[in-house]
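Listed here are the chains, written in short residue letters.
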Amino acid sequence: MNDRTSALDSVVFGIDIQSGDIRGDSPSYALVVLDSRADEVTVERDVVSFRKLRRLIERDEPALIATDNMYELATDKDDLVRFLRWLPHESRLVQVTGAERPEPLSRVAGRHGIPYGKDPMKEAEAAARLALANVGYEVAAFENTTTVKVSRGRSTGKGGWSQDRYTRRIHGSVKRQSRKVESALKEASLEYERDVTEKYGGYSNAIFTVEARPQDIPVSSRRSGDTRIEIERERRDGIDFEPLVKRRDRVIVGIDPGTTTGVAVVGLDGRVLDVHSTRTADTPAIIEWLIERGRPTLVAADVYPMPETVEKFRRSFDAAGWNPPSDIAVDEKLHRTRDVAYENDHERDALAAALFAFDAHEDQFERISRKVPAEIDREEVIAQVISGEESVEAVLREMQSDDDGDDNEGGAKASEQPELSPEEREIRELKSRVERLESHIDELSNELESKDETIEEYKKELSDARRKERQEARERREVNRLERDNGRLERTVESLEETNEALSEKLERLKSLWKLDHSNFADVNMEKNLVPVKIVEQFTKAALDETVEQYGISAGDVVYFRDASGAGRATAERLAEFEPRVVLRNGNLSDVAEEILFDAEIPISPSDGVSIQEIDELAIAREKEVESAIAEWEARAKERQKEEQKSMVDQIISEHRAENRR
């Protein structure tokens with residue numbers, strides 16, 4: 001088990017696909033349960049369905065759930081996140097073969113001395129024993145931050161006689177429940193932030209962001225009456241891998257000394273593990289911090305030559321050193337650390353030193369890894385080659401000779417073992433080649449899987465971009481429509497302004513010439529010889545109503561018809577209702593209209609005898625000419641009355657004579 005510490009006093013599930021596929025209908029799993037809570041580790045083996053596996057996890061709440069590939073339990077990342085959210089609080093999912101680029105299970109098991117076989121049950125047991133020995137990476141999708149949301153448990157409804165009282169009661173219940181939750185968080189001494197939405201009578205919801213895991217919070221999800229409480233862990237941006245034991249891994253350390261010391265830890269695979277800076281910690285405290293995160297193989301600085309402080313750290317770990325040929329420029333540091341979060345320039349410089357050191361040795365790491373057999377610890381070989389400046393072959397011979405010395409009973413020498421025949425050596429070489437090819441196939445499969453995931457992400461980004469483009473196109477069309485409407489309205493405004501200006505000019509001109517209304521006509525008619533005339537375009541009901549609406553017609557007004565033809569009984573009767581002083585006409589008047597106006601004793605006269613001076617729709621005439629026209633009509637009216645009386649007398653005489661003849 002090397003120098004790792006076992007996961008004592010715990011239950012570990014080892015899982016491997018027995019048949020089928022998680023994307024299919026009914027996959028089955030080889031399950032191995034290791035229980036180390038007793039003096040001896042007990043082993044249970046079974047083949048279970050996915051549904052039964054979940055029931056067993058809920059019942060036993062194992063500390064670790066080990067697998068060689070996390071996607072044997074989920075179809076994709078979203079499904080994996082849902083699985084991790086469902087897991088019991090005390091259970092962790094572990095991928096024993098590595099992080100983003102896992103190794104073959106056979107290689108990992110051989111490196112740690114764990115029995116391995118191709119059978120799914122043996123692979124499940126190997127995964128469980130590796131996890132029990134704290135080998136592998138925990139698959140994490142959530143932060144140690146939890147959101148507690150207190151909200152309404154009922155809808156406020158659509159209204160009614162008691163709507164206000166009902167809404168006020170619900171919001172008051174939410175407020176009281178949120179205060180209870182806040183009190184519980186304070187009693188547990190938990191750090192939190194509160195965000196409330198105030199509504200009528202209290203709160204509609206209250207959200208607490210707590211720096212703790214759900215199992216550490218003294219509040220549980222529930223729904224009761226008017227309120228409900230929802231608890232959910234804050235999700236990370238993606239899937240992260242956290243090593244079960246950090247002390248074992250070989251790491252590259254970057255140090256930026258000074259008043260504030262920056263320290264960065266990078267794995268031999270180039271993955272940033274941690275970044276730290278301090279003004280108060282001394283050298284022993286920094287060394288202790290580094291020891292907790294790995295075994296330094298390479299200590300790097302970002303300047304040339306290496307500072308004495310960094311050299312002291314290197315000697316403390318008996319590690320190899322690295323520094324650039326010349327000081328690294330700031331823009332190069334910014335570019336190399338662009339994908340990593342850091343808090344200050346000291347952390348950035350330390351991180352840049354570690355990453356540039358990895359870049360300088362990356363090819364060497366890969367060459368060493370290709371030469372190291374599966375059963376040998378790759379990182380240990382890299383550390384000895386880098387620090388001891390020995391060849392890979394020499395380190396491998398030394399490590400293999402040490403293993404042979406341990407395996408031979410009584411201190412037998414390697415030379416005493418029987419020499420292999422050419423056929424046996426060829427078989428061994430072929431097996432080694434097959435194993436390397438299988439390892440390469442696994443790497444290519446993982447790379448293909450990673451590229452498929454990248455393609456899916458690109459497809460999603462493309463879909464989002466297209467949706468955004470369609471939205472922008474709709475917005476552009478709406479803007480163009482509004483611009484067209486705005487232009488049309490501006491043109492309408494300009495036209496109305498021109499009309500208004502013309503009317504204003506006309507009004508001013510009229511005011512300056514005559515005052516034709518009854519209130520100020522006397523100021524214009526100084527000699528009392530003028531009379532206003534109301535003009536009607538045609539003797540029709542519509543034209544008459546238009547004049548009445550614009551200027552009004554009162555009793556005693558002089559009315560002038562530009563065209564008197566076409567008048568009917570109704571129009572003549574409506575005119576007679578206004579009782580005008582005289583009606584001046586241009587053209588002939590119908591007999592019916594003339595008869596009605598005559599009966600109403602309204603004078604009618606041709607306009608030829610009256611001099612009418614027009615100013616647009618308004619006009620004036622001389623009083624003498626109007627009186628003369630009225631006098632002429634009265635004379636004609638008397639003659640007409642005489643004629644009618646004479647005709648009536650003649651008719652009476654004729655009727656009397658006719659009766660006498662009978």
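The structure we're discussing is the one just above.
The residue numbers shown here count from 1 along each chain, following its written sequence. Selection of residues for local features in this predicted model requires a pLDDT of at least 70, selection of side-chain atom pairs for listing and counting requires 80 or more, and totals for whole chains, interfaces and linings are taken over all residues. Remark: hydrogens and water are excluded; side-chain values derive from all non-hydrogen atoms of the structure.

*Asks:* Looking at this structure, I do not really get the overall build of the chain. What am I missing?
*Replies:* Helix and strand counts for the chain stand at 17 helices and 21 strands. Buried positions account for 39% of the 662 residues belonging to the chain. Put simply, of all contacts in the chain between residues at least 6 apart along the chain, 63% involve residues at least 24 apart. Residue exposure ignores everything except the shown protein chains as possible cover, and the areas themselves are Shrake-Rupley values with a 1.4 Å probe. Entry remark: accessible area of the chain is about 39700 Å², with carbon and sulfur atoms responsible for 45%. Secondary structure elements are defined from DSSP: runs of H or I of at least 4 residues count as helices, runs of E of at least 2 residues count as strands, and each element is numbered from the N terminus. Categorising residues by exposure relies on relative accessible area from a 1.4 Å probe, with only protein chains included: less than 20% of the type maximum marks a residue as buried, more than 50% marks it as exposed, and the intermediate range marks it as partly exposed. Note on contacts: a residue pair qualifies if any of its non-hydrogen atoms lie within 4.5 Å across the two residues.

*Asks:* Would you mind showing me how to read the pairing of strand S1 (residues 11-19) here?
*Replies:* The side chains of a regular strand alternate between both faces of the sheet. Across the 9 residues that make up S1, a large majority, 7, are buried. Note on pairing: DSSP must find at least two bridges between two strands before they are called paired. Relative to strand S2 (residues 28-35), S1 is paired through 8 bridges, and the arrangement is antiparallel. Opposite Val12, over in S2, you have Leu34 as the bridge partner. Where S1 meets strand S4 (residues 64-67), 3 bridges bridge the pair, whose relative direction is parallel. What sits directly across from Gly14, in S4, is Ala66.

*Asks:* Just to check I follow, could you spell out the environment of Arg129 for this structure?
*Replies:* With respect to the helices and strands, Arg129 occurs in helix H4 (residues 120-132). Arg129 sits 116 residues away from Phe13 along the chain, and the two C-alpha atoms are 9.3 Å apart. Not counting chain neighbours up to four residues away, the residues in contact with Arg129 comprise Leu34, Val43 and Ile114.

*Asks:* Got a minute to help me understand the sheet that holds strand S11 (residues 250-256) in this structure?
*Replies:* By way of backbone hydrogen bonds, the strands of a sheet pair with one another, either parallel or antiparallel. With mixed pairing, the 5 strands of this open sheet are ordered in space as S13-S12-S11-S14-S15. Two strands in the sheet have a free side with no partner beyond their single neighbour: strand S13 (272-278) and strand S15 (320-322). Put simply, the sheet's adjacent strands are angled 25° from each other on average, direction ignored. Sheet topology note: the S11/strand S14 (residues 295-300) ladder contains 5 bridges and is parallel. Working convention: axes come from line fits to C-alpha atoms, limited for helices to the stretch in contact. Angles between N-to-C directions cover 0 to 180 degrees.

*Asks:* Please explain the pattern of salt bridges as it appears in this structure.
*Replies:* Proximity of charged atoms lets side chains of opposite charge pair with each other. Salt bridges, as used here, are contacts in which a Lys or Arg side-chain nitrogen is within 4 Å of a carboxyl oxygen on Asp or Glu. Counting across every chain of the model gives 36 salt bridges. Put simply, Asp269 and Arg271 hold a salt bridge, and the shortest N to O gap is 3.8 Å. What emerges from the salt-bridge pattern is a single network uniting Asp302, Lys333, Asp345, Arg348 and Asp349.

*Asks:* Where do I start with the nonpolar core in this structure?
*Replies:* Nonpolar side chains in soluble globular proteins generally cluster together in the buried interior. Remark: nonpolar core denotes a set of buried residues (Ala, Val, Leu, Ile, Met, Phe, Trp, Tyr, Cys) joined through side-chain atoms within 4.5 Å. The biggest cluster of nonpolar side chains holds 31 residues, and the ones touching the most others in it are Tyr29, Leu53, Leu80 and Leu93. Secondary-structure elements contributing two or more residues to this core are S1, S2, helix H1 (50-60), helix H2 (77-86), strand S6 (137-152) and strand S10 (227-243). In contact with Leu93, other than residues within four places in its own chain, are Ile65, Thr67, Met70, Leu73, Leu80, Phe83, Leu84, Leu87, Tyr137, Glu138 and Val139. Among the nonpolar cores identified, the runner-up in size contains 28 residues, and Val266, Leu298, Phe358 and Ile368 belong to it.

*Asks:* It is not clear to me how the pairing of strand S17 (residues 558-563) should be interpreted in this structure. Could you clarify?
*Replies:* Note that strand S16 (residues 530-538) and S17 share 5 bridges and pair parallel. Looking across to S17, one finds that Lys534 is bridged to Val559. Whether a crossover is right-handed comes down to one check: with the strands pointing away from the viewer, does the path from the first strand over the helix to the second run clockwise; if it does, it is right-handed. In this fold, S16 hands off to helix H14 (residues 541-550), which returns the chain to S17; that crossover is right-handed. Examined bridge by bridge, S17 and strand S18 (residues 582-585) share 4 bridges and lie parallel to one another. In the strand pairing of S18, Tyr560 is matched with Leu584. A crossover links S17 with its parallel partner S18, the connecting element being helix H15 (residues 569-578), and its sense is right-handed.

*Asks:* Got a minute to help me understand H14 in this structure?
*Replies:* A turn of α-helix holds 3.6 residues, and therefore any two residues three or four places apart point the same way. For H14, the full list of buried residues reads Ala543, Leu544 and Thr547. Looking straight down H14, one finds that the buried residues subtend no more than 100° of arc, so they occupy a single side. More than 90 degrees from the buried face of H14, the exposed residues found are Ala542 and Glu549. Of the surrounding elements, those touching the buried residues of H14 are S16 and H15. Once H14 finishes, Gly552 follows within two positions and takes phi at roughly 80°, a positive value. This arc describes the spread of directions from the helix axis toward the C-beta atoms.

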